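Notes for the structure review
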Amino acid sequence: MDSYEYLSVLNPEQMAAVVHEGSPLLILAGAGSGKTRVITTKIAYLIAEQGYRPSSILAVTFTKKAAREMQERAQLLESQAARSQIRTFHSFGSWFLRIHAEEAGIDKNFTVYDDDDMVTLVMKAVPNIAKKQASTIAHKISMAKDYCMTPDDPNLIQIESDAEFPEQYAAYEERLRATGNVDFGDLIMLPVLLLQNNESVRNHMHKIFKVIMVDEYQDSNVAQFKLLKALTGPDTYVCVVGDDDQSIYSFRGAEVQNILDFEKEFPGTQVIKLERNYRSVAPVLSIADGVVKRNKKRLGKTLVSVRGDGKKPKLVFLSNQDDEAAFAAEMILQSHGKGVPYSDWAILYRTNAQSLGFETEFLHRKIPYSVVGSLKFYEREEVKDALAYLAFLVNPRDEIAFRRIVNKPPRGIGGVTQEKLVTRAREENENSLVGQVNLLDTCRGEVGSLSKKAKEGMKAFIDLFDTMIQTLTSAETRDDNTPIEQLAEDAREAVKDGEPNVVSGDELPDWVTEAMAASEPAPLGESDKRLSDVIEKMIKDSGLLELHQSQDEISGTQRVFNLQELVNSASMYPANVDGLLEFLDHIELDRTLETPDDETPSDAVTLITLHNTKGLEYPRVIITGMEYGVFPRRDKVDTELEEERRLFYVGITRARDELYLTSCAYRRMYGRTEDQEISPFLLEIAPSEIDVLGTKPTAYKRFERQQAASGNGGGGGPGGEALVEQDGLASRWKKGRTVYHDDYGHGVILFTDTTESGEYVIDVQFETGTRKKFLPKYQANRLMLEM
DNA sequence: TCACAGTGACTTTTT
DNA sequence: GTCACTGTGA
């Protein structure tokens, strides 16, 4: 494509962002402002116009979906972009660690432990703790790694004040390193540590990457920031794109501060704001703006709708979630009758559990749908079992996988025996001069000492793996299939030996770029063995298939089907160690992947969590469960409430043409029906900006009256009145006043306070003895002042 | 070592 | 209402 052609479609700010050079660049890109277009065009421009070697461009995103989209779009503009590194943070980390496994102190055939595996490992590393405690500790360790803190970091105390924690963390690390595997946090933290401590590795990376771009920068955590810093060499061009209003991952360590401080950390930064919204019609945008304005902590920017006027959003009050699902189905079917495709619709919800009601209804009404991310295909027992067999096959030091599979199907090797074997292996490791004793070898050594039944089982177990190892290695006949570690080693040596410090051109040998670009499996020839055959053999020969088959018969599950799906999904990978590692990587690093399902219709309604919608858009969006306790969750105040509000903002701005909000009066939770209060967020939308359907709850009627009285009901925009309202609250809800609450009865206000984010809080002592805090602003329907 | 039954806890959001 | 964990008995 001619460069003028793709540049000509840009607006002036977008253009400025694309052609910018010479200093770090921060692009503050509002929702729907053409952010992806800017990044992809910039990649194309850097290659075509600035002469950058495609493989010297690294673009990092957070989700695989985003990475895939970016890659595809960049390639459409510039075919050479196929050789650029467009990856998620974690897949970059994985790539990096495979190359530098030895320096990082891990096995080159490492696999990635998920959160469950972490918990299991914590339980082994810290003696005598309950699973719940282990889970807390595992979570804290994850946090620590998100902040790039090692067990000896004095700042750990900010994450966990318990004096035992650093020890527990250290014990976990020791245990983890013994397996040769890594956890999610390691995928970022280990590269950072290695880059910081190892000059040659650092220089190597600086030589490879001349451009680093980060998408959704507002959701980066401290470790990821450090990674970016460490990858940035003296002549690296850094460009980050983000929107502080869309920061929704602080619970996972995302640090908005990263984007707020960017200019400080990268001196000379130029900032470009993209505020023209090409996605949504004006009425949708107006609501989004009114809501996000309530947040105190933001850089502040205002989106302008390029598309102009459109349909006014609708707020629908319903009785319960069955009605909610029915309403959604009705809307979808009606529009479908008029030729609107199902895929125009997305149902958004706060928690995955909410998808169930819609699924049931849609199945009933024959509406095709696809659930994004919730089915957790790879977390199913049978699938995890199969994956554990595969992980143990490539890395027999994997203690977690070993424990999971050695007695599954039952081989007479129970917990006690397992413990004995693992302890034995650990002892051997300590005494061994060579180190790296693996569990399979230990098993071989210990077979003789086992009871009769266990002996039989263990022999079968060892035989299985001996055969599988052969199957996997004997398949490795293609001579063009150089193992990745060899390529990596070559690449490393070449750069060490003083390859020219190239900015552009193609001085680096092909095999370096090949090693770097190897994100896609090598194409399979007809005669090649497929990885799926290997996996199928493994599942059959291990007895896993039989085990789950009988399970299916007993409880009517579809485990065999799931196992078959797993096998199918490996058909594109070559049947060798690298293919297997790639397959496992792919699975571990893309948990949100839709269930592999041949029946997924091409035209389907999307069911998706609000978090998962980041970066996506749909013509028609229904945000469901607009109830206090569901969205926002009841325990959210201050900064956390602001984050929930940003999540709402993200949800609203997904809608191109039509937006619906639904709120239920009752909701079944834990199998019992609860009264629901309306979401406080609904009181942040001016009644004049939204059409209301259904029976209005008392609280909402009251809100409408208030708004009308204060002149906000009849067309005045939202915003600005917060301060006035706050004063009103403080003068009415005074210390000492008696109140009545629907649930708790009579009480008296003990204290009043204002939270960090400016919410007015009252602390009430009730006659019944309960004492509770309230935000009077949101309690209009249940809490009232007494005369 | 394993199967079963009773009990308790539980719903954030995810790479 | 569901699931996972615990303790008991075979």
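Quantities reported herein were computed from a predicted structural model and do not represent experimental measurements.

Things to note about the overall build of chain A
Scanning chain A from N- to C-terminus turns up 31 helices and 26 strands. Expressed as a percentage of the 787 residues in chain A, the buried residues total 55%. Pairs at least 24 residues apart make up 75% of the contacts formed inside chain A by residues separated by at least 6 positions. For chain A, the accessible surface area stands at approximately 33,500 Å², while carbon and sulfur atoms represent 49% of it.

Re the sheet that holds strand β15 (residues 618-623)
An order of β13-β14-β12-β15-β17-β11-β21 is seen for the seven strands of this open sheet, with the pairing classed as parallel. At either margin of the open sheet sits one strand with a lone partner, and together these are β13 (369-371) and β21 (691-694). Strand-to-strand, the axes of this sheet are offset by a mean angle of 20°, without reference to chain direction. As judged from the three bridges shared by β13 and strand β14 (residues 605-609), these two strands associate in the parallel manner.

With respect to the sheet that holds strand β3 (residues 85-88)
Spatial ordering of the open sheet is given by β3-β2-β6-β7-β1-β8, a layout of six strands whose pairing is parallel. Each end of this open sheet is capped by a strand with a single partner; those strands are β3 and β8 (270-274). Averaged over all adjacent pairs, the angle separating strand axes in this sheet is 15°, with direction ignored. Where strand β2 (residues 57-61) meets β3, four bridges bridge the pair, whose relative direction is parallel. When the bridges of β3 are listed, L58 appears paired with Q85. Along the sheet, helix α4 (residues 64-77) makes contact with β2 and β3, crossing β3 at roughly 165°. Across the sheet, helix α5 (residues 89-99) lies against β2, β3 and β6 (211-214), angled at about 110° from β3, the strand it touches most.

Some thoughts on the pairing of β6
Of the two faces of β6, the one carrying V211 and M213 and the one carrying I212 and V214 are both buried. Examined bridge by bridge, β2 and β6 share four bridges and lie parallel to one another. Note that in β6 the partner of V60 across the bridge is V214.

Regarding the packing of aromatic side chains
Each aromatic ring pair is described using two quantities: the centre-to-centre distance and the angle formed by the ring planes. Scanning all chains against the criterion turns up 25 aromatic pairs. Measuring from ring centre to ring centre gives 4.6 Å for F262 and F266, while their planes differ by 20°; the resulting arrangement is stacked. In this pair, the class of F262 matches that of F266, namely buried. Taking the centre distance of 5.8 Å and the plane angle of 85° together, the rings of F631 and F648 count as edge-to-face. Taken together, the residues span a long stretch of sequence, with F631 in the loop between β16 (627-628) and α29 (638-652) and F648 in helix α29 at a distance of 17 residues. For the pair formed by F631 and F648, the shared burial category is buried.

Section: the packing of helix α25 (residues 531-541) against helix α27 (residues 559-569)
Where α25 meets α27, the axes come as close as 7 Å, and the angle between the chain directions of the two elements is 150°. Judged on the interaxial angle alone, α27 and α25 are roughly antiparallel. Crossing geometry of α25 relative to α27 is assigned as right-handed. Residues S532, I535, E536 and I539 of α25 touch α27, and the partners they reach there are L563, Q564 and V567. Classifying every residue of the contact of α25 with α27 by side-chain character gives four nonpolar, two polar and one charged.

Considerations on the environment of G339
With respect to the helices and strands, the residue G339 is situated in the loop between α16 (321-337) and β12 (345-349). Under the relative-accessibility criterion, G339 is labelled exposed at 57%. Separated by 424 residues in the primary sequence, G339 and D763 place their C-alpha atoms 54 Å from one another.

Overview of the side chain of E160
Along the chain, E160 turns up in the loop between α8 (131-146) and α9 (165-179). Using a relative accessible area of 19% as the deciding quantity, one classes E160 as buried. A polar contact of 2.8 Å, which involves the side chain of E160, links it to the side chain of K140. Of the polar contacts made by the side chain of E160, one reaches the backbone nitrogen of D162; its length is 3.0 Å. In contact with E160, not counting residues within four places along its chain, are K140 and F165.

Focus on the pattern of salt bridges
In this structure the tally under the stated criterion is 51 salt bridges. One salt bridge connects R298 with D245, and the closest N-O pair in it is separated by 2.7 Å. Linking R298 in the loop between α15 (282-292) and β10 (304-305) with D245 in the loop between β7 (237-242) and α13 (257-260), this pair joins segments that are 53 residues apart in sequence. Classification of R298 by relative accessible area gives partly exposed; the value is 21%. Looking at D245, the relative accessible area reads 2%, which means it is buried. Note that D289 and K293 form a salt bridge whose closest N and O atoms lie 3.7 Å from each other. Assessed through its relative accessible area of 43%, K293 is described here as partly exposed.

Some remarks on the nonpolar core
Of all hydrophobic cores here, the largest spans 66 residues; its most connected members are F96, L97, V122 and L228. A per-element tally of this core places helix α10 (residues 186-197) first, with seven residues. If sequence neighbours within four positions are ignored, F96 has contacts with P191, L194, L195, V201 and M205. Judged by nonpolar contacts, the second largest core, of 52 residues, contains A425, I539, L545 and I587.

Definitions and cut-offs
- Residues numbered from 1 in each chain as written.
- Chains lettered and ligands numbered in written order.
- Predicted model: local features only at pLDDT ≥ 70, side-chain atom pairs only at ≥ 80, totals over all residues.
- Heavy atoms only, no water.
- Helix = DSSP H or I, 4+ residues; strand = E, 2+ residues; numbered from the N terminus.
- Buried < 20%, exposed > 50% of the residue type's maximum accessible area, 1.4 Å probe, protein only.
- Contact = heavy atoms within 4.5 Å.
- Areas by Shrake-Rupley, 256 points an atom, 1.4 Å probe, with all protein chains shown as cover.
- Pairing = 2+ DSSP bridges.
- Axes fitted to C-alpha atoms, helices over the stretch in contact; angles between N-to-C directions.
- Phe/Tyr/Trp six-rings, centres within 6.5 Å; stacked < 30°, edge-to-face > 60°.
- Parallel < 35°, antiparallel > 145°, perpendicular 65-115°, else oblique.
- Left-handed = near helix turned anticlockwise from the far one by under 90°.
- Nonpolar A, V, L, I, M, F, W, Y, C, P; charged D, E, K, R; others polar.
- Polar contact = N/O pair within 3.5 Å; in protein donor to acceptor, adjacent residues only side chain to side chain.
- Salt bridge = Lys/Arg side-chain N within 4 Å of Asp/Glu carboxyl O.
- Core = buried A, V, L, I, M, F, W, Y, C linked by side-chain atoms within 4.5 Å.

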